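# Commentary on secondary and tertiary structure
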Amino acid sequence: MKRYILSLDNIDEVVSDVASHFQNGVVILRGDLASGKTTLVKAIVAHLGIDEDVTSPTFSLQHAYAEKVFHYDIYNHGLEHFMALGMLEELEREGLHFIEWGDDALVSLLRDAGINVITVDIKKISDKEREYSICTY
């Protein structure tokens, strides 16, 4: 597991780590409300040279950026609803898939399906600083 303590204005080290070592699969983003999950996705999308407005998919379930980065939020819908919609097949598509609010059950499901997965846990240290813990499975 890798850990970083960084300011929100200086998350390039985490962005570079995730983007350079993980180009295809699912990144589970975990953390409290306003911890910086969507902020991290915005930074990675920009790092990949994609010039699109990144917003939280809280009410739409999924956003796609340049057909190679996919962003999901299962907070309002839950894992069962997510799977009932056939989203497991969606996660098998080539590209980076970021899922906000994923849990250990989702990690297990993805690993059992043979899908590459990492988790990024984000802990709010202060208004301007976060701890990022990256775990590769």
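What comes next concerns the included structure. Residue numbers restart at each chain and count upward from 1, following the sequence in its written direction. Per-residue local features are limited, in this predicted model, to residues with pLDDT of at least 70; the limit for side-chain atom pairs, both in listing and counting, is 80 or more; totals at the level of whole chains, interfaces and linings are taken over all residues. Hydrogens and water are ignored here; the side-chain numbers use all heavy atoms of the structure.

## Topic: the nonpolar core
For the record, the criterion: Here, the term nonpolar core denotes a set of buried Ala, Val, Leu, Ile, Met, Phe, Trp, Tyr and Cys residues that are joined through side-chain atoms within 4.5 Å. Relative accessible area decides the class of each residue, using a 1.4 Å probe on protein chains only: under 20% of the type maximum gives buried, over 50% gives exposed, and in between gives partly exposed. Under the scheme used here, helices are H or I runs from DSSP no shorter than 4 residues and strands are E runs no shorter than 2 residues, and both carry numbers assigned from the N terminus. A contact between two residues is defined here by any heavy atoms of the two lying within 4.5 Å.
Counting residues in hydrophobic clusters, the biggest one holds 24 residues, and the most contacted among them are Val14, Val18, Val27, Leu40, Phe98, Val120 and Tyr132. Counting only elements with at least two residues in this core, the list comes to strand S1 (2-7), helix H1 (12-21), strand S2 (25-31), helix H2 (37-47), strand S5 (96-100), strand S6 (117-124) and strand S7 (129-136). With four residues, H2 is the single largest residue contributor to this core. Not counting residues within four places of it along the chain, the set of residues in contact with valine 14 comprises Tyr4, Leu6, Leu40, Tyr132 and Ile134. Ile28, Phe70, Met87 and Val107 belong to the second largest nonpolar core, which has 16 residues in total.

## Describing the sheet that holds S6
Strand pairing within a sheet occurs via backbone hydrogen bonds; the two strands may be parallel or antiparallel. Heads up, the condition is: Between any two strands, pairing holds if DSSP finds at least two bridges. Note on geometry: axes are lines fitted to C-alpha atoms, helical ones only across the stretch in contact, with angles between N-to-C directions running from 0 to 180 degrees.
Judged by pairing direction, the sheet is mixed, and its seven strands sit side by side in the order S1-S7-S6-S2-S5-S4-S3 without closing on themselves. The open sheet has two edge strands with one neighbour each: S1 and strand S3 (62-65). Taking the axes of each pair of neighbouring strands and ignoring which way they run, one obtains an average angle of 20° across the sheet. As paired elements, S2 and S5 share five bridges and run parallel to each other. Each residue of the ladder has a partner; that of isoleucine 28, found in S5, is isoleucine 99. Packing against the sheet, H1 makes contact with S1, S2, S6 and S7, and its axis sits at approximately 140° to S1.

## Things to note about the side chain of serine 35
As for its placement among the helices and strands, serine 35 is situated in the loop between S2 and H2. With residues near it in sequence (within four places) discarded, serine 35 still touches Ile122 and Arg130.

## Some remarks on the packing of aromatic side chains
What counts is decided by this rule: In this analysis, rings of Phe, Tyr and Trp, with Trp reduced to its six-membered ring, are considered paired at centre separations within 6.5 Å, and the interplanar angle assigns stacked below 30 degrees, edge-to-face beyond 60, and tilted for intermediate values. Here, a charge over a ring is recorded when the distance from Lys NZ or Arg CZ to the ring centre is within 6 Å and its angle to the ring normal is within 35 degrees.
Evaluated as defined, the whole model comprises zero aromatic pairs. In this structure, lysine 37 is placed above the aromatic ring of tryptophan 101, and the distance from its NZ or CZ to the ring centre is 4.1 Å.

## Focus: the environment of isoleucine 50
You can see isoleucine 50 is positioned in the loop between H2 and S3. For the pair isoleucine 50 and tyrosine 65, spaced 15 residues apart in sequence, the C-alpha separation works out to 7.2 Å. Residues within four places of isoleucine 50 in sequence aside, it is in contact with Val45, Tyr65, Ala66, Lys68 and Val69.

## Structural notes on the packing of H1 against H2
Selection rule: Working rule for handedness: look at the near helix, and if it is turned counterclockwise from the far one by less than a right angle, call the crossing left-handed; if clockwise, right-handed. Each residue gets one label: Ala, Val, Leu, Ile, Met, Phe, Trp, Tyr, Cys and Pro are nonpolar, Asp, Glu, Lys and Arg are charged, and the others, such as Gly, are polar.
Axis separation between H1 and H2 bottoms out at 10 Å; the angle between their running directions is 65°. When you trace H1 past H2, the crossing you get is right-handed. Packed against H1, whose contacting residues are Val14, Val15, Ser16, Val18 and Ala19, the element H2 presents Leu40, Ala43, Ile44 and His47 at the interface. Residues of the contact of H1 with H2, tallied by class, amount to seven nonpolar, two polar and no charged.

## Description of the layout of surface pockets
Counted only if it meets this: Grid points spaced at 1 Å and placed over the protein atoms alone form the basis of the search, with a cavity being a set where a 1.4 Å probe fits but cannot get out and a pocket an open set showing protein on both sides within 12 Å along at least five of seven lines. Lining residues have an atom within 4 Å of a point. Grid points are joined across faces, edges and corners, and a volume is the space filled by probe spheres set on the points.
Of the volumes computed, that of the largest pocket is approximately 170 Å³. Taken together, 13 residues form the lining of the largest pocket, with Leu33, Lys37, Ser56, Glu100 and Trp101 sitting closest to its centre. With three residues, the single largest contributor to the lining of the largest pocket is H2. Per-class residue counts for the lining of the largest pocket are four nonpolar, six polar and three charged.

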